[in-house]
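Here are the chains, one letter per residue:
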Amino acid sequence: MLNVSSERIGKQGVMPKPAGGITRVLSHRDKAAVLAHLLRLDAEDRYMRFFAGITDNGIRRYVDGIDWKASVLIGHFSGARMVGLAELLPSGPRWQRGMELAVSVEPHWRGRGLGRHLCESALEKARARHMRCVRLLVLHENTAMLRMVRAMGAELSQEAGVVTALIRLKPDMQAMALAAMAWAESTIAQALHLPRRQGRLT
Ligand SMILES: CC(C)(COP(=O)(O)OP(=O)(O)OC[C@H]1O[C@@H](n2cnc3c(N)ncnc32)[C@H](O)[C@@H]1OP(=O)(O)O)[C@@H](O)C(=O)NCCC(=O)NCCS
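Rules behind the numbers
Residues numbered from 1 in each chain as written. Predicted model: local features only at pLDDT ≥ 70, side-chain atom pairs only at ≥ 80, totals over all residues. Near = placed C-beta within 6 Å. Helix = DSSP H or I, 4+ residues; strand = E, 2+ residues; numbered from the N terminus. Nonpolar A, V, L, I, M, F, W, Y, C, P; charged D, E, K, R; others polar. pLDDT = per-residue confidence, 0-100. Contact = placed C-beta atoms within 7 Å. Core = buried A, V, L, I, M, F, W, Y, C linked by C-beta atoms within 7 Å. Buried ≥ 20, exposed ≤ 12 C-beta atoms within 10 Å, placed from the backbone.

What to know about the site of the ligand
Near the ligand there are 23 residues, and of these Met48, Arg110, Gly115, Arg116 and Ala144 occur at the shortest range. Of all the elements in the fold, those that place two or more residues in the shell around the ligand are α2 (43–50), β5 (98–105), α4 (114–128), β6 (133–139) and α5 (143–151). Residue contributions to the shell around the ligand peak at 6 residues, all from α5. Per-class residue counts for the shell around the ligand are 11 nonpolar, 6 polar and 6 charged.

Next comes the structure, spelled out in structure tokens:
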């Protein structure tokens, strides 16, 4: 069992794992690893993840369509191979400040807490982006995922075999305070026409 619950993603977005790999935030440069990971999912896993029998070409189109600026992707690597992926995607109107989360873990890595760890890491990222909630869509037969979202305190509602799991986020007070300070500094600098150096008043 991985001891992951108390881990945090650091400033560089890299989180060392106690055993068996590294979890880090991905960029568009990781596109090939994301594609390879999703292509390794079998038909049943793809159905659980995408709610449809998606083909290899469908997965290629999906990965081509990822909006890397608006989304946050977190991968867990064992060596060069990405064995787990959390995708935090833009969802709904911006004013609702919500995102959608989906996760996938390769079969040999399941049941060790990695899915939960990736979800928790994604929630932390959403909180840092001042999101108020994260939503997961889960097929009602997806026992592992439902167990996980229940353990994370999600509110569940079900319609036509699809469970919507809503996780409300507590605001990240430290991030809010830093954002407020940065905003105040920039407003004062503009008002007084002061030069700014490295984001701070000189
Ligand atoms: C769902 C999935 C991400 C879980 O990954 P994982 O690494 O095995 O998850 P964890 O080890 O963190 O386990 C999470 C919970 O599910 C439970 N669980 C894991 N496998 C299970 C299984 N086969 N049956 C029932 N419960 C299971 C664990 O016991 C754990 O609950 P606990 O904390 O109360 O013990 C993985 O099975 C997967 O990728 N499935 C295919 C894609 C998918 O369904 N994605 C979800 C779309 S939102």
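Next comes the rest of the description.
Quick notes on the confidence of the model for the protein chain
Summarising the model, the protein chain shows a mean pLDDT of 87, and 85% of its residues fall at 70 or more. pLDDT under 50 marks residues 1–18. Its contacts with residues more than four places away, or in other chains, come to 30 contacts.

Focus on the nonpolar core
Formed by 31 residues in total, the largest nonpolar core has its most connected members in Ala86, Leu101 and Ala122. Among the secondary structure elements, those contributing two or more residues to this core are α1 (31–40), β3 (72–78), β4 (81–90), β5, α4, β6, α5 and β8 (162–168). Setting aside chain neighbours within four positions, we find Leu101 in contact with Ala86, Leu88, Cys119, Ala122, Val134 and Leu136.

Observations regarding unusual backbone geometry
Unlike most non-glycine residues, His130 shows phi in positive territory, near 65°. Locating His130 in the fold gives a position in the loop between α4 and β6. With 13 C-beta atoms counted inside 10 Å, the residue His130 sits in the partly exposed group. Of note in this structure, Ala160 is not a glycine but carries a positive phi near 50°. Note on placement: Ala160 falls in the loop between β7 (155–159) and β8.

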